[in-house]
Amino acid sequence: MPSPADLSLDFSSLFQFLPVGAYRTSSAGVMLRANPALVRINGYDSEERMLADVNRASSDWYVRQGRRAEFRALLERDGFVRGFVSEVVRHEDGRRLWVSENAHAVRDASGTLLYYEGTVEDITAQMQAQEDLRASEERLRLLTQQIPGMVFVVHVADDGSTRYDFVSAGVQQIYGLTPDDVMNQPGILVRYRHPDDAPLFAEHIRRIHAGAPDRGFEYRIVLPDGTIRWLYRRADTVSHDATGQVRVGLLLDITDRKNAELALRESEALWKLALDGAGDGVWDWNIATGEEYVSPRILAMYGYADGDLMPRADELDALTHPDDIAQMQVDRQAHFEGRAPVYRNEHRVRCKDGRWKWVLSRGMVISRDDADRPLRMVGTHTDITELKAAEAQQRALETQLRESQKMEAIGTLAGGVAHDFNNLLAAILGNLALAREDVGPDHIAQESLAEINRAAIRARQLVQQILAFSRRQTQELQRQPLLPLVEDALRLLRSLLPAAVQLSTRLGHAPVPVLADATQVQQVLMNLCTNAWQAMDGQPGEITVALRVVQVDPAQALQLGNIDAGAYACLSVADNGPGMDEATLRRIFEPFFTTKAPGSGTGLGLSVVHGIVKAHRGVIAVHSAPGEGARFDVYLPLASDAAAADAAPPAAGPAPAPQAAGRHIVYVDDYEALVFLAARLLRKHGYRVSTFTSGEEALGWLQTHDDPVDLLVTDQNMPGMSGVELAQAVRRSRPGQRVAIVSGHVNEPLVQQAQAAGVTEVLGKQDSMDALAEAVRQLLEG
């Protein structure tokens, strides 16, 4: 057996400069020597320290338990161990390393084991690199699993041969192959290419190898079962080496898209024909070239024949109305930029005969380039000329409705004011009449009282006009021919017209029966004619009055003011004066509106006409323009036989002689001046009168007194209890009590309520106290 000195000499010359660790151990496993590289691997600064620590260490330096036993078993079985890779822990500092070990047994000539020799290489960096590579490949695999299609890394040699370094699992969905199939057999994919596309594919690859950029290529493959699929392939060069280039690419299955495109091309002709048949013209605009196809339906819509127009978008745009071009371009741009999902615009187009048609244009961009710029747009044109006309008519009707509502509101206000003012005038005139009687006919104050009376009468006439405008004036509608009423009014009118104004008539001979108040209808004609000659402002002119029967259809009825369709009497007053502008036409029926000089008119003439016509369930239409005169058409419904029967006055019998003395009258009104005046006047006629200023006060007296009452006269509109409510309460305690209600606005609902309450009569508010006394007398006689 050699001595330790000999061993030391041998190791010093053999292992001193090895780049990997080397050692020798006894057959019993005691480490005898370690070279400097192994000392450094284990973290020691000297061989002595390392040998001392290793040989007395109780713990194994292998991380995985049992790894030392595996090493020894291999060594004993084979006599050597090669490339034994393990993770170990350094004894010096506990740091973990990866090492690769080689060892063999040294025996003498007789086969006796002398010792073991081995090497230890630190491969921690290599193992970390492998781990990093494995992690990177796993991330790549997971990433490519999320990408549709096949991701590949291919090495293309200068001679054109290929080697796939990576293929994603997406190849299974396209070809039915595994990634290993492709990487192990690089030429396998070539077998699947469609024969018709193989030359094109080869040319595409040739251009790329020549340096042209790869912008993608579409081609077909044929699977073993005969299925044909469309693929899109694109790859980019990422590196070069001495043998060729490495390209990373993507292969997508675009079969569904190709089938959809084919179906779209096959159906384009069908949908164009269908839209044409449905009345919508079709257009197809190539935005890039400016060419635009229009269907025969569009050409026919505008009166053009095939070949009359060049298939250019700018030529078709030239037919657009100048006022509509700006909005059309704004709407197009909004769709091009994605701010509007579809293009929609209404504009006018000049037809071949010069007429303008309204069209609704709708469309959508169906193709864009890589920069998202629009390339192709398709759409339709729909003729909406009639719809636009209907919308204009609707707007006119809405304007008319607003005007009607405004006039109704003004009428309500005016009627309320006139009603209260009428009560004041009634008190003034009544007390004035009593005062004139009290002072006697020869009194010096009679002249002043007469002037007061004339002024009050004029004021009352003004109030009557306001009440007529607000349709609150009491009317007496009777079935009567309109022609005689018009003729009577015209006879009076001829004497009033200035000499320079000529009056013409076209009345016919038909009587034209209507249900009307004769006085008010004549007032309508007088006001219209007076307004006509005053508009001429002293200049010569002509007024034409016409009367005819017309049939109003539903469309005309709606346009005139939502009246009922049917037969109407049309009374027209036309003049050749200066006419009116739109601003004046909108206000002519407003009360107190006038174009005359201050002091020349009240502005109530046409307002009164409007109120009277409405009260007769008619309508008035005005036609005028500056310089073209004006025409007012008054439509009154023709009277039916039923209306005649309803309007026929009852036959009057002989009236008994009045017996006023001792008759007891109860008079109720919330206006104290009228209460005082009525009591004084009725007492003057011999009646016994009890007066009250509220319904509640009158009811309390009637319920607590047994005095007989011949007639209860009450106002309808009072604060608190109304006249009808008072009548209902009184008849519960006095069932046979006669009750008369007085109102400034007698209408059908009031009459029905009064009849249900047992009221004897509903009277319109009288113009004078004498009229009240006469009405009371007639009721008592009846």
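Parameters and conventions
Residues numbered from 1 in each chain as written. Predicted model: local features only at pLDDT ≥ 70, side-chain atom pairs only at ≥ 80, totals over all residues. Heavy atoms only, no water. Helix = DSSP H or I, 4+ residues; strand = E, 2+ residues; numbered from the N terminus. Buried < 20%, exposed > 50% of the residue type's maximum accessible area, 1.4 Å probe, protein only. Contact = heavy atoms within 4.5 Å. Areas by Shrake-Rupley, 256 points an atom, 1.4 Å probe, with all protein chains shown as cover. Axes fitted to C-alpha atoms, helices over the stretch in contact; angles between N-to-C directions. Parallel < 35°, antiparallel > 145°, perpendicular 65-115°, else oblique. Nonpolar A, V, L, I, M, F, W, Y, C, P; charged D, E, K, R; others polar. Pairing = 2+ DSSP bridges. Patch = residues over 30% accessible without salt bridge, like charges linked within 9 Å, V, L, I, M, F, W, Y side chains within 5 Å. Salt bridge = Lys/Arg side-chain N within 4 Å of Asp/Glu carboxyl O. Core = buried A, V, L, I, M, F, W, Y, C linked by side-chain atoms within 4.5 Å. Polar contact = N/O pair within 3.5 Å; in protein donor to acceptor, adjacent residues only side chain to side chain. pLDDT = per-residue confidence, 0-100. Left-handed = near helix turned anticlockwise from the far one by under 90°. 1 Å grid on protein atoms, 1.4 Å probe; cavity = no way out; pocket = protein on both sides within 12 Å on 5 of 7 lines; lining within 4 Å. Points joined across faces, edges and corners; volume = space filled by probe spheres on them.

*Asks:* Give a detailed account of the overall build of the protein chain, specifying residues and quantitative values.
*Replies:* Check the secondary structure of the protein chain and you find 25 helices and 27 strands. Residues classed as buried in the protein chain amount to 41% of the 782 residues present. When contacts within the protein chain are restricted to residue pairs at least 6 apart in sequence, those whose partners lie at least 24 apart make up 57%. Accessible surface for the protein chain amounts to roughly 42500 Å². Of this, 53% is attributable to carbon and sulfur atoms.

*Asks:* Please set out the packing of helix α22 (residues 695–704) against helix α23 (residues 723–733) residue by residue, giving values where relevant.
*Replies:* Across the interface, α22 lies against α23 with an axial gap of 10 Å and an inter-helix angle of 5 degrees. The angle between α22 and α23 places the two elements in the roughly parallel class. Contacts from Gly695, Ala698, Leu699, Leu702 and Gln703 of α22 reach α23 at Leu726, Ala729, Val730 and Ser733. Of the residues assigned to the contact of α22 with α23, the class counts are six nonpolar, three polar and no charged.

*Asks:* Before we move on, can you summarise the sheet that holds strand β20 (residues 566–575) with the specific residues and values?
*Replies:* A sheet is described by the order of its strands in space; here five strands give the open sequence β17-β19-β20-β22-β21, paired in mixed fashion. Both outer strands of the open sheet, β17 (501–506) and β21 (619–624), are each paired with one neighbouring strand and no more. Pairwise comparison of adjacent strand axes, ignoring direction, gives a mean angle of 20 degrees for this sheet. Bridge count between β21 and strand β22 (residues 630–637): six bridges; the pairing is antiparallel. Paired with Ser624 across the bridge in β22 is Ala630. The sheet strands contacting helix α15 (residues 482–494) are β17, β19 (541–552) and β20, and the helix crosses β17 at an angle near 165 degrees.

*Asks:* Describe the environment of Leu677, naming the residues involved and giving the relevant values.
*Replies:* With respect to the helices and strands, the residue Leu677 is situated in helix α21 (residues 672–684). Leu677 gets classed as buried once you look at its relative accessible area, which sits at 0%.

*Asks:* Lay out a nonpolar patch on the surface in plain terms, naming residues and giving numbers.
*Replies:* Taken together, the side chains of Val342, Met364 and Ile366 define a hydrophobic patch exposed on the protein surface, amounting to about 240 Å² of accessible area. Tracing the sequence through the fold places Val342 in the loop between α12 (322–336) and β13 (343–350). On the accessibility criterion, Val342 (40% relative accessible area) is partly exposed.

*Asks:* Would you mind going over the sheet that holds strand β23 (residues 664–668) in detail, with residue names and values included?
*Replies:* In space, the five strands of this open sheet follow the order β24-β23-β25-β26-β27, with parallel pairing throughout. Of all strands in the sheet, those with a lone pairing partner are β24 (688–692) and β27 (761–764), marking the two edges. This sheet shows a mean twist of 20 degrees between the axes of neighbouring strands, independent of strand direction. On the sheet, α21 packs against β23 and β24 and is oriented at approximately 175 degrees with respect to β24. Packing against the sheet, α23 makes contact with β23, β25 (711–715) and β26 (739–743), and its axis sits at approximately 150 degrees to β25.

*Asks:* Could you give me a rundown of the environment of Leu142, with the residues and numbers involved?
*Replies:* Its location among the elements puts Leu142 in helix α5 (residues 124–146). Residue Leu142 is classed as partly exposed on the basis of its relative accessible area of 40%. Sequence separation between Leu142 and Ala169 is 27 residues, and the spatial gap between their C-alpha atoms is 9.6 Å.

*Asks:* Any chance you could break down the pattern of salt bridges for me, citing the residues and the numbers?
*Replies:* Opposite charge on two side chains permits them to pair, given that their charged atoms come into close proximity. Applying the stated rule across the entire model yields 36 salt bridges. A salt bridge links Glu70 to Arg64, with the shortest nitrogen-to-oxygen separation between them at 3.4 Å. Taking the relative accessible area as the measure of exposure, Glu70 reaches 31% and is therefore partly exposed. Take Arg64: its relative accessible area is 47%, and that puts it in the partly exposed class. The partner of Glu203 in a salt bridge is Arg206, with the nearest N and O atoms 2.6 Å apart. Of this pair, Glu203 and Arg206 are both found in helix α8 (residues 198–209), three residues apart, which corresponds to roughly one turn of the helix.

*Asks:* Break down the pairing of strand β18 (residues 513–516) for me, with residues and values.
*Replies:* On β18, burial follows the alternation: Val514 and Ala516 on one face are buried, whereas Pro513 and Leu515 on the facing-out side are not. With four bridges joining them, strand β16 (residues 478–481) and β18 adopt antiparallel strand pairing. Counted as the bridge partner of Gln478 is Ala516 from β18.

*Asks:* Could you give an account of α23, with specific residues and numbers?
*Replies:* Within α23 the residues assigned to the buried category are Gly723, Val724, Leu726, Ala727, Ala729 and Val730. Elements that come into contact with the buried residues of α23 comprise β23, α22, β25, β26 and α24 (748–756).

*Asks:* Which residues make up the side chain of Asp197, and what values go with them?
*Replies:* With respect to the helices and strands, Asp197 occurs in the loop between α7 (179–184) and α8. The contacts of Asp197, once residues within four sequence positions are left out, are Tyr219 and Arg220.

*Asks:* Just give me the short version of the nonpolar core, but keep the residues and values in it.
*Replies:* Formed by 41 residues in total, the largest nonpolar core has its most connected members in Leu482, Leu525, Leu528, Ile543, Val545 and Phe632. Secondary-structure elements contributing two or more residues to this core are α15, β17, β18, α16 (518–535), β19, β20, α19 (605–615) and β22. Contacts of Ile543, omitting those with residues within four sequence positions, involve Leu497, Val501, Gln502, Leu503, Ser504, Cys529, Ala532, Trp533, Met536, Val573, Ala574 and Asp575.

*Asks:* Provide a residue-level description of the side chain of Thr255, including the pertinent values.
*Replies:* Turning to its location among the elements, Thr255 is positioned in helix α9 (residues 255–277). A relative accessible area of 13% places Thr255 in the buried class. A polar side-chain atom of Thr255 sits 3.0 Å from the main-chain amide nitrogen of Trp230. Here Thr255 is in contact with Ile228, Arg229 and Trp230, once residues within four sequence places are set aside.

*Asks:* Report on helix α3 (residues 47–56), specifying residues and quantitative values.
*Replies:* What α3 keeps buried is the set Glu47, Met50, Leu51 and Asp53. Contacts made by the buried residues of α3 are with β2 (31–34) and α2 (36–41).

*Asks:* Could you give an account of unusual backbone geometry, with specific residues and numbers?
*Replies:* If you check the backbone angles, Asp372 has positive phi at about 70 degrees while not being a glycine. The topology assignment puts Asp372 in the loop between β14 (356–368) and β15 (374–383). Given the relative accessible area of 49%, Asp372 is considered partly exposed. The phi angle at Val512 is positive, at roughly 55 degrees, despite the residue not being glycine. With respect to the secondary-structure elements, Val512 resides in the loop between β17 and β18. A residue is classified by how much of its surface remains accessible, and Val512, at 4% relative accessible area, is buried.

*Asks:* Mind laying out the confidence of the model for the protein chain, listing which residues take part and the relevant values?
*Replies:* Looking at the protein chain as a whole, the pLDDT averages 82, with 84% of positions reaching at least 70. Confidence drops under a pLDDT of 50 for residues 642–658, and excluding neighbours within four residues, the segment shows 11 contacts in the predicted structure.

*Asks:* Before we move on, could you go through the packing of α15 against α16 and cite the residues and values that matter?
*Replies:* Relative to each other, α15 and α16 sit at 45 degrees, their axes nearing to 9 Å. Classed by the angle they form, the pair α15 and α16 counts as oblique. As α15 runs across α16, the sense of the crossing is right-handed. Only Ala518, Val521, Gln522, Leu525, Met526 and Cys529 of α16 make contact with α15, whose side of the interface consists of Leu482, Leu485, Val486, Asp488, Ala489, Leu490, Leu492 and Leu493.

*Asks:* Which residues make up empty space enclosed by the protein, and what values go with them?
*Replies:* With the rule as written, the count across this model stands at five cavities of 30 Å³ or more. Space inside the largest cavity adds up to approximately 220 Å³. As for the largest cavity, its lining consists of 19 residues, and the residues nearest its centre are Glu292, Leu316, Asp317, Arg332 and His381. Elements with a contribution of two residues or more to the lining of the largest cavity: β11 (281–286), β12 (292–294), α11 (313–317), α12, β13 and β15. Partitioning the lining of the largest cavity into residue classes produces 12 nonpolar, four polar and three charged.

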